[in-house]
Amino acid sequence: MKILEGNNKIEIAELDFFNPEHIFKCGQAFRWIEEEDGSYTNVAHNKIINVSKGENIVIDNSSLEDFQSIWMDYFDLNRDYGALREELSLDETLKNAMEYGSGIRILNQDPFETIITFIISANNQIPRIKNSVAKISEMYGSKIGSYGGREYYSFPSSDELSRAKVEDLREFARVGFRDERIVKTSKLISEGAVDLNSLYEIPLEDARRELMKLPGVGPKVADCVLLFAFKRSESFPVDVWIKRVMEELYLKKDTNKNLIADEGRRIFGKNAGFAQQYLFYYGRENNLGR
DNA sequence: GTCCAGGCCAGAC
DNA sequence: GTCTGGCCTGGA
């Protein structure tokens, strides 16, 4: 990997395992906007950046300092995905899935934003999840600036979102029955009843149980949050798609979600989260098991 | 009109 | 502890 500094942009040369389309469409993030030229724009850490892939990976609208202090970690660039592929490829099924979703990286996203986003994802559809998250940012976040003719807003803090009215969330952000869950969860976090900062170092099961104190956070959402925001690559979120894929390719029989999560962690170990992500993308894009 | 989508929750056993 | 029905919403 070679970092080249340009005019308010960073170019990364000699980086394998980075495919923006797969990274942003594999279901871990819901705010990246695809531009007409195939690049992607979003705001994170109160900064707007645009990501594209040509010969090099280009991160536009970023200083070298921001790249090093923010985006290196956000895009998981410190991880050796080559080594990861070696390990996962021992499993033939996984090898295929990983080839299919080549260049998926697991982002390290903001915990609170991830929690709210995945509360919204329950029994929902991706286009609607995206709309709700965008609307919530507009309504309760702060305007950061504009890029490519669009305005961008930060995702609100727990404090900001705890003051939202449930009826506004329902009427304008179209979150339906998830309205109360969003406000209650925001309150619990802003009041410190659930301390997100304490979740990094404690055992996975404890962190999971702590997250599940939040209304709207069940086993699946907790696992997604642990994987996408807390670097817990050993967690194995089980949604309907993973259930189908695991039943079809591994277990060969109808199995309840808890058992599938146990099996996932048993089979894939510390890389369970990565396995999950590749299997999910592979299964969903190919309509496996339907 | 009916069905269902990247789950959660409450209530029933 | 395990299982089931219902849930906002909007597009098929």
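Residues numbered from 1 in each chain as written. Chains lettered and ligands numbered in written order. Predicted model: local features only at pLDDT ≥ 70, side-chain atom pairs only at ≥ 80, totals over all residues. Heavy atoms only, no water.

Asks: Please provide a residue-by-residue account of the protein's contact with DNA strand B, values included.
Replies: Taken together, 25 residues lie near DNA strand B, and G27, I126, G216, G218 and V221 sit nearest. Counting only the atoms of DNA strand B that lie within 4 Å of the protein, the sugar and phosphate share comes to 55%. A distance of 3.1 Å separates a base nitrogen of DNA strand B from a polar atom in the side chain of N123. Elements with a minimum of two residues in the surface near DNA strand B: α11 (219-229) and α12 (240-251). (Near = heavy atom within 4 Å. Polar contact = N/O pair within 3.5 Å; in protein donor to acceptor, adjacent residues only side chain to side chain. Helix = DSSP H or I, 4+ residues; strand = E, 2+ residues; numbered from the N terminus.)

Asks: Now, about empty space enclosed by the protein: what can you tell me, with residues and values included?
Replies: Considering all chains together, one arrives at one cavity of 30 Å³ or more under this definition. Taken as a whole, the largest cavity holds about 50 Å³ of empty space. In this structure, the largest cavity is lined by D76, R79, I106, N108, L227, K231, R232, S233 and F274. For the lining of the largest cavity, the class distribution of residues is three nonpolar, two polar and four charged. (1 Å grid on protein atoms, 1.4 Å probe; cavity = no way out; pocket = protein on both sides within 12 Å on 5 of 7 lines; lining within 4 Å. Points joined across faces, edges and corners; volume = space filled by probe spheres on them. Nonpolar A, V, L, I, M, F, W, Y, C, P; charged D, E, K, R; others polar.)

Asks: Lay out helix α2 (residues 64-74) in plain terms, naming residues and giving numbers.
Replies: Those residues of α2 that fall on the buried side of the exposure criterion are D66, F67, I70, W71, M72 and Y74. Buried residues along α2 sit against β1 (2-5), β2 (9-13), β4 (40-44), β5 (47-53) and β6 (57-60). At the exit of α2 stands D76, carrying a positive phi of roughly 60°. (Buried < 20%, exposed > 50% of the residue type's maximum accessible area, 1.4 Å probe, protein only. Contact = heavy atoms within 4.5 Å.)

Asks: Explain the packing of helix α5 (residues 111-120) against α11 to me, using residue names and the numbers behind them.
Replies: The N-to-C vectors of α5 and α11 enclose an angle of 145°; their axes lie 9 Å apart at closest approach. Classified by chirality, the crossing of α11 by α5 is right-handed. Between α5 and α11, the contacting residues are P111, T114, I115, F118 and I119 on the first element and K220, V221, C224, V225, F228 and A229 on the second. Partitioning the contact of α5 with α11 into residue classes produces nine nonpolar, one polar and one charged. (Axes fitted to C-alpha atoms, helices over the stretch in contact; angles between N-to-C directions. Left-handed = near helix turned anticlockwise from the far one by under 90°.)

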